[in-house]
Structure formats: C-alpha cells, structure tokens
Amino acid sequence: MEYERIEKGTFLERPNRFIAYVEIAGREETVHVKNTGRCKELLVPGADVYVQKSVSPDRKTGWDLISVRKGERIINMDSQIPNLLVEEWLKKGNLFSKNADIRREKTYKNSRFDIYVEDGERKAFIEVKGVTLEENGIVRFPDAPSDRAVKHVEELTEAKQEGYETYIFFVIQMRGVKKFMPNETTHPAFAKALRKAEKSGVHLLAYDCRVGETMIEICSPVPVQLFENPLEKTVRPLLAWFEENKRQLPWRQTKEPYQIWVSEIMLQQTRVEAVKPFYERFLKELPDVPSLASAKEDKLLKLWEGLGYYNRVRNMQKAAQEMMEKYGGTFPDSFEEILGLSGIGNYTAGAVASIAFDIAKPAVDGNVLRVLSRILGSYDDIMRQSTRKKMEQLVEQVIPKDTPGDFNQSLIELGALVCVPNGEAKCSECPVSMFCCAREKGIIGELPVKKKAKERKIEERTILIFKDGEKVAIRKRPQKGLLAGLYELPGVDGHLSVEKVIAYSKTIGLMPIHVKKLGEAKHIFSHVEWRMIGYAVQVDELEKSCTEDMIFIHPKEIEKSYPIPAAFEAYTEYMDISLGQKGQRKAD
C-alpha cells in the first residue's frame, strides 16, 4: 500500500496522546498522532519521522504522523492502516478464496469486530491489532492497558464456541522481528485472555510488514509465543561461554552433513574420547554416502566393532541407501527430509540440520535434558516423550537463527563439562548459574527426574574357546535379535561344569584334549545382562569333525575381518586378538 504526500521531519515532543510537534522543512508543525499508544520508545526527540500532509482545509492539524525511524528500521505508526492491509491481504486469496465476501466492522454481541468473512459455508470474525512495540527483536501487544482489547478477545472465544471461525491478526508494523508475545507486564489480563482464546481454538496470526518511507505491505508470518520462556536469558551467555570453552573435536572442524551425522550416531551412548578413533577409521573407509550405502555387512560391522548398539550402523546404511534412491547420494538439506531417514530421530535431525545447514531446530539429548531440567527446576520425568517434546519446544522458541548449531552444541557441551550428572554440577563454572532454578533452590541433586528403568533380565552363559592348533572357532549369530549378524565365540545357556563342557563338546563332534577354566565376566546390554564363565578347550581335528555351523580361522584373520562384539572382550585375550577400543557409555 502506497502513501501520497509524505514528508520527512524531526520529532520534537508529544504534549499529549493526540498531537506531536515536528520540525518539517525548518518549521515547527503540529502533527496529528493516530496511534494513541504510549510509543515512548519510538517518539524520542530527534527521531526521523515521516508525516502525511492532509488534504482537508478544515483540519486543525495539517499533518498526520505515519512512521518513525528506529535505528535501521522504519516502523509504521498509522493505527488505521492494519485493517486495510489485512483486507487487502485477504482479497489476494489468503485464508479464504478470492471470491469470499469480506465486510468491515461486523457487530457481534457487545463487540464490533474489524472484519467479517463469508466464504461458502465458512463464517469468520477477524479482529486486527497493530503492533509497534519492539525490543531486541521481540514485539509485544498492547503497549498500554486496553480493556477493550480484552473484551474483544473474550467475545471472539464465545463466537468460536458458537461455531464461527475466529482469528486475531497481529499486524506487526515493521520488518525483521523474531517473535510476537503478549505484553504481560503492561496488561496481564490481555495475556491471560489470549492464552484462553488460543486454547479454545481461536487462531492467532502474526505477520510482519515491509515498511518504506511511503509504503507498507504485509510480508511474512512471525512466531507467536504466549508464555515467557525462562531460557530466553541464557542464549547469549551460553554462546559466549561455548566460544571460549568448546573442545576441539574432529567433527567440529566441518560443515559436511555426512561427517556430522556419523559423529552424532557414534556419540549416542558413547563417550567423546572413545569415539574419536572410531570416527576417523570409519570415515577413512567409508568417506561418503555412496560408499556407506554399498558397504558389505561384515566390513560395516567390523568398522563398528567396539561401539556396540550395532543396529545404529545398520540403520545408517539403510538411510544411506535411501539417500542414494531419493536424493542421488547427497545429504538432504531440510529438517523434515533428514528426520524421514531410517534411524534418525528428532535429536539427530536437529543436530545435523542446525550444525550443517544453520536450520533453527533443537537437538535435545540426555545431556541437554539434564541441563534444562535444572535451569527450569523441572521435576518432569525426562524418560517421558511428553517431557522431551516440551523441552524441544522451549529450545526452539529461543534458538538463535544466526547460530543454531552453536547454541545446540553449547547446551550439549554444558551438560558434558559443567552441569554433570549425580549432583556434581560445577555451578561456579556455569555461565547461566544466575538463571538456574535448581541452584537457587538447592535441588541440583534431585534433578533430573528419571524414572527407574525396568530391571534387566539376567542370563547366565558359558563361553567356549575351541582351539585346534592355531585356529579358533567362531560362529555367526542369527540375523535377528541381540547382536544380530555379528560373529561370536560359541556359547551355551547356563553355567557348565568342566564335566558338562566335555560332554557338550562331544555331542557336537569335538574331542577335548585339555580344558582350562577361565575367569568370570559380565556384559550389560540395554535390557539384558550376561553373566558369563569361560573355558578354553583344546580339541583334536576341530575343523573336520564339528557338526555345528562354525568357521575355523586364525585369530589374526578374525581381528582383521570378522566383527566380534565387545561382549566377548574378556575372553579374546585367550585368542591373542584385540577388539579395538571399547566404546564407553555416556553419563546421561
């Protein structure tokens, strides 16, 4: 929408709500102020303003105040323009069809709503609010108490209950803001009414405007946030702390999404220091999506040997094959597409999207859940999906669009280095301790709340190292179930005596020459705990006589080519091989 007869002036003062004194072309003029709000942060002496010359000879004031410059931004202050802008926007086919019947000022009960629309069977009320109050990219309404605004919101809620479509349209009369929030400080009753209206189904829309010296038009949607977010104040301190204290890690030296993805999958349930050699080895062998997609299973599992949770790397290969099919072997560059890949959940999608592509999506893992629980003083169970979703929403509201990856990593890093588990948080080193509810209340040791996991099933196993000369027996596990598709040392359920080991060996066609009892060992999976004993069994003509589906191979060849999970690490020393560095679980 274009204005005519616009002149630039310098604001001098505002003696009352309705008029201002402005210097125009070297003369002090009395100017009508259409916007009766406070606007104290806008109308400051010396500010550049843009005024419109009146064409009416009967007017007491010959000018109208249209807009004001605040820093690099021009803010429109014309309180009559928002309704016209929304009407123009609707006529372009937004929200309703282009043939919709649009009428101004429709009475409903004790209110007169700004716009009424009929479009076929659809009937809708739209209340329009112009927004000019801005601070640090956050815009708020109202800038002065308004009982009339509260009444409109309450009656829109009633109209919704009676079957009307209802909308509150906040026209933000400036460009480039972060979000809209109700002005809780100035008028808490309006904020309360707005939250109730939204809950009852009233649609809340906020759009910014492109504003020039002589024009204004509705531009882009702006996020609406109805509650103050306690994380708001932590953003800048966290970013500054991260810049000074972040660890130099190999996956932080790149913006390549494939490499970031590999690191994120490896880091799940595994400590950072343990991941480094695996990460470098994996990328050397499988440097990109095509090589991962086409890798042989044994090679893939061997590269993962020692990290555990082998389904992670299987899902990685499946995702890589999906990328080959859908995206020609390139990594997708949208959060939704990344999330749609096999084995990728909200955390990994958020991490890759934010770090590699600067997409403002949260990455909330166990470390972050602990940090957030303490900052917020929340006793919500972090094992519940509803808690994770709530935390993700809070982070997404504050995540900076210019540095989303750094902000996500700052929260993760804080949890890894400072806000550590088991009540041992280093509050004196924390950049956001002044905002931490748990520190203030002395409840750090109580948070986060993590519902006790179901007790693991205990399974007793006897591990057998069958040797014939230099060769050792291994066998492949089934393709489904625990440690699917990996190679293992033969074993049987239960704890066998030496006599039963000899008897079992004979039943599978082996003749024991010497049996040596080995030590006990334990390995913990997510839901199962193996309690093992072991035997080294020297046999005669192992390969020729065994009736079990085993392969007989030199230990050095096993070490080179056959993936054996870390569950058997306690016994591989008796085979003269190493399983590489064992991955260590995160503390989260």
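Residues numbered from 1 in each chain as written. Predicted model: local features only at pLDDT ≥ 70, side-chain atom pairs only at ≥ 80, totals over all residues. Heavy atoms only, no water.

Colleague: How should I be thinking about the overall build of the protein chain in this particular structure?
Modeller: A tally of regular secondary structure across the protein chain gives 19 helices and 22 strands. For 588 residues, the compact-globule estimate of 2.2 N^0.38 gives 25 Å, and the C-alpha radius of gyration of the protein chain, at 34 Å, exceeds that figure by more than 25%. Referenced to the eigenvectors of the C-alpha coordinate spread, the extents of the protein chain come out at roughly 120 × 55 × 40 Å. Counting every position in the protein chain, which comprises 588 residues, the buried fraction comes to 52%. (Helix = DSSP H or I, 4+ residues; strand = E, 2+ residues; numbered from the N terminus. Rg over C-alpha atoms; globule rule 2.2 N^0.38 Å. Buried < 20%, exposed > 50% of the residue type's maximum accessible area, 1.4 Å probe, protein only.)

Colleague: Got a minute to help me understand the side chain of Glu155 in this structure?
Modeller: Topologically, Glu155 is positioned in helix α2 (residues 147-161). Salt bridges are absent for the buried Glu155, whose nearest opposite-charge side chain, Lys151, sits at 5.7 Å. For Glu155, the side chain forms a polar contact with the side chain of Ser111, separated by 2.6 Å. Among all residues touching Glu155, those that are not within four sequence positions of it are Tyr108, Lys109, Asn110, Ser111 and Phe113. (Lys, Arg positive; Asp, Glu negative; His and termini not counted. Salt bridge = Lys/Arg side-chain N within 4 Å of Asp/Glu carboxyl O. Polar contact = N/O pair within 3.5 Å; in protein donor to acceptor, adjacent residues only side chain to side chain. Contact = heavy atoms within 4.5 Å.)

Colleague: For this particular structure, what's the right way to read the nonpolar core?
Modeller: The biggest cluster of nonpolar side chains holds 64 residues, and the ones touching the most others in it are Tyr258, Trp261, Met266, Phe282, Leu292 and Trp304. The greatest single-element share of this core, amounting to seven residues, is contributed by helix α5 (residues 257-267). Every residue in contact with Leu292, bar those within four places of it in the chain, is listed here: Tyr258, Trp261, Phe282, Leu286, Leu300, Met316, Gln317 and Ala320. Counting 44 residues, the second largest nonpolar core, distinct from the first, contains Ala159, Ile168, Phe190 and Leu226. (Core = buried A, V, L, I, M, F, W, Y, C linked by side-chain atoms within 4.5 Å.)

Colleague: Teacher, can you tell me more about the packing of α5 against helix α11 (residues 346-357) here?
Modeller: Between two packed helices, what matters for the description is the angle formed by their axes and the separation of those axes. With their axes 9 Å apart at the nearest point, α5 and α11 run at an angle of 145° to one another. You can see that α5 and α11 cross each other, and the crossing is right-handed. Within the contact between the two elements, α5 uses Pro257, Ile260, Trp261, Glu264 and Ile265 and α11 uses Tyr347, Thr348, Ala351, Val352, Ile355, Ala356 and Phe357. When its residues are assigned to classes, the contact of α5 with α11 shows 10 nonpolar, one polar and one charged. (Axes fitted to C-alpha atoms, helices over the stretch in contact; angles between N-to-C directions. Left-handed = near helix turned anticlockwise from the far one by under 90°. Nonpolar A, V, L, I, M, F, W, Y, C, P; charged D, E, K, R; others polar.)

Colleague: I'm lost on the pattern of salt bridges in this one. Help?
Modeller: Side chains bearing opposite charge may pair, as long as their charged atoms lie close to each other. Considering all chains together, one arrives at 40 salt bridges under this definition. Across the pair Lys457 and Glu459 runs a salt bridge, and its minimum N-O distance is 3.7 Å. Look at Lys457 and you get exposed, because its relative accessible area is 52%. Between Arg475 and Glu548 there is a salt bridge; the shortest N-O distance is 3.8 Å. Remark: Glu548 occurs in the loop between α17 (542-545) and β22 (551-553) and Arg475 occurs in strand β17 (residues 471-476); sequence separation between them is 73 residues. In this structure Arg475 comes out as buried when scored by relative accessible area, which is 14%. Its relative accessible area of 32% is what places Glu548 among the partly exposed residues. Where salt bridges share partners, they join Glu297, Asp298, Arg314 and Lys476 into one cluster.

Colleague: How should the packing of aromatic side chains be read in this particular structure?
Modeller: Geometry of an aromatic ring pair is reported as the spacing of the ring centres plus the angle between the planes. Applying the stated criterion across every chain yields a total of 20 aromatic pairs. Pairing Tyr108 with Phe113 gives two aromatic rings, centres 6.1 Å apart and planes at 25°, and the pair type is stacked. For Tyr108, a relative accessible area of 7% translates into the label buried. Judged by its relative accessible area of 0%, Phe113 is buried. Seen from their ring centres, Phe113 and Phe125 are 5.1 Å apart, and the 50° between their planes marks the pair as tilted. Note that Phe113 is positioned in strand β8 (residues 111-119) and Phe125 in strand β9 (residues 122-131), a separation of 12 residues in sequence. A network of ring pairs unites the aromatic residues Tyr108, Phe113, Tyr116, Phe125 and Tyr164 as a single cluster. Here the guanidinium or amino end of Lys106 rests over the ring plane of Tyr116, the centre of that ring lying 5.0 Å away. (Phe/Tyr/Trp six-rings, centres within 6.5 Å; stacked < 30°, edge-to-face > 60°. Lys NZ or Arg CZ within 6 Å of the ring centre and 35° of its normal.)

Colleague: For this particular structure, what's the right way to read the confidence of the model for the protein chain?
Modeller: Low-pLDDT stretches of the model should not have their predicted coordinates read in fine detail. On average, residues of the protein chain carry a pLDDT of 93, and 97% of them reach 70 or more. Contacts of residues 581-588 to residues separated by more than four positions or lying in other chains number 32 contacts, the stretch itself having pLDDT below 50. (pLDDT = per-residue confidence, 0-100.)

Colleague: Even after reading the chapter, I still don't get the sheet that holds strand β11 (residues 138-141), so can you show me in this structure?
Modeller: Two modes of strand pairing occur in sheets, parallel and antiparallel, and in both the strands are linked by backbone hydrogen bonds. As summarised here, the arrangement of the three strands in space is β10-β11-β13, forming an open sheet in which the pairing is mixed. Pairing within the sheet leaves two strands with one partner each, and these edge strands are β10 (133-135) and β13 (179-182). Averaged over all pairs of adjacent strands, the angle between their axes in this sheet comes to 35°, without regard to strand direction. The pairing of β10 with β11 spans three bridges and is antiparallel. Paired with Glu134 across the strands is Val139, a residue of β11. (Pairing = 2+ DSSP bridges.)

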